[in-house]
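Structure assessment
Residues per chain, in single letters:
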Amino acid sequence: MHSVFQYLDPRQSVFPVPLAFIIGLALHVVDQALNFRAGPVPIAIAAPLVAVFTYIYLRPNTWPRRFAVVSVWAVFGTGIALLGHALHSLSYRLPRPLTEPEMLLFDLGTFLWFVFALTIAYVIAARTTDETRAWIAIAAGPLLQLLWTLSFRLLVAVGLYA
């Protein structure tokens, strides 16, 4: 018989990954409903949790020291990517203001991109056998997150948005 702790242990069960994602998405939806724009807090919570839980699930024999480094980098890197995103968003002017549905989609897209980009980087790191490539993938996670902002700017420049 399985205990609740076995279901919540990311080394033994994949359950914490979708649970962290759903909690983060619920926080995002509540934040969006209560405020004009969704803030960065749901992203800062969900992206590192989903990525680290996925990493631990794929590499259950991870040493505590490595777990600590991977976790701290997920939080710190996501924070830096969010700061870069905010600075870019504040300094860049769109050809026209976003409509309300476009803002909702943009904020949801930002949430999804930040969570999945970091998770993909951590999956690559967990699946590779070469330690150097694993650390490069982990380090590149925040850069992948920041690509959302740059790809949106590219869409604007190409004219697909305007």
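All values derive from a computational prediction rather than experimental measurement. (Residues numbered from 1 in each chain as written. Predicted model: local features only at pLDDT ≥ 70, side-chain atom pairs only at ≥ 80, totals over all residues. Heavy atoms only, no water.)

Moving on: the packing of helix α2 (residues 16-34) against helix α3 (residues 41-58). α3 packs onto α2 with a crossing angle of 170° between their chain directions and a minimal axis gap of 9 Å. It follows from the interaxial angle that α2 and α3 lie roughly antiparallel. Contacts between α2 and α3 involve Pro16, Val17, Ala20, Phe21, Gly24, Leu27, His28 and Asp31 from the first element and Pro42, Ile45, Ala46, Leu49, Val50, Phe53 and Thr54 from the second. Of the residues that constitute the contact of α2 with α3, the class distribution is eleven nonpolar, three polar and one charged. (Axes fitted to C-alpha atoms, helices over the stretch in contact; angles between N-to-C directions. Helix = DSSP H or I, 4+ residues; strand = E, 2+ residues; numbered from the N terminus. Parallel < 35°, antiparallel > 145°, perpendicular 65-115°, else oblique. Contact = heavy atoms within 4.5 Å. Nonpolar A, V, L, I, M, F, W, Y, C, P; charged D, E, K, R; others polar.)

This next bit is on the confidence of the model for the protein. When pLDDT is averaged along the protein, the result is 90; 96% of the residues meet or exceed 70. Mean pLDDT values over the elements of the protein span from 74, in helix α1 (residues 4-8), up to 96, in α3. (pLDDT = per-residue confidence, 0-100.)

A separate point is the environment of Phe67. Mapped onto the secondary structure, Phe67 falls in helix α4 (residues 64-91). When near neighbours in sequence (up to four residues on either side) are disregarded, Phe67 contacts Val52, Ile56 and Thr62.

All right, on to the nonpolar core then. Nonpolar side chains in soluble globular proteins tend to be buried together. Counting residues in each nonpolar core, the largest one holds 26 residues, and the members touching the most others are Tyr55, Val115 and Tyr122. The set of elements that each furnish at least two residues to this core consists of α2, α3, α4, α5 (100-127) and α6 (131-158). Excluding residues within four positions of it along the chain, Tyr55 makes contact with Thr62, Arg66, Val70, Tyr122, Ala125, Ala126 and Ile138. Within the second largest apolar cluster, six residues are counted, among which are Leu98, Met103, Trp148 and Val156. (Core = buried A, V, L, I, M, F, W, Y, C linked by side-chain atoms within 4.5 Å. Buried < 20%, exposed > 50% of the residue type's maximum accessible area, 1.4 Å probe, protein only.)

Applying the stated criterion across every chain yields a total of six aromatic pairs. With a centroid separation of 6.1 Å and 40° between ring planes, the pair formed by Phe21 and Phe111 is classed as tilted. Within this pair, whereas Phe21 is found in helix α2, its partner Phe111 is found in helix α5, the two being separated by 90 residues in sequence. Each member of the pair, Phe21 as well as Phe111, carries the same accessibility label: buried. Summarising the aromatic geometry, the rings of Phe106 and Trp148 are spaced 5.8 Å apart at their centres and angled 35° between planes, so their arrangement reads as tilted. Of this pair, Phe106 sits in helix α5 while Trp148 is found in helix α6, placing the two residues 42 residues apart along the sequence. Comparing Phe106 with Trp148, the two get one shared label, buried. An aromatic cluster of three or more residues is present, and its members are Phe21, Phe111 and Phe116. (Phe/Tyr/Trp six-rings, centres within 6.5 Å; stacked < 30°, edge-to-face > 60°.)

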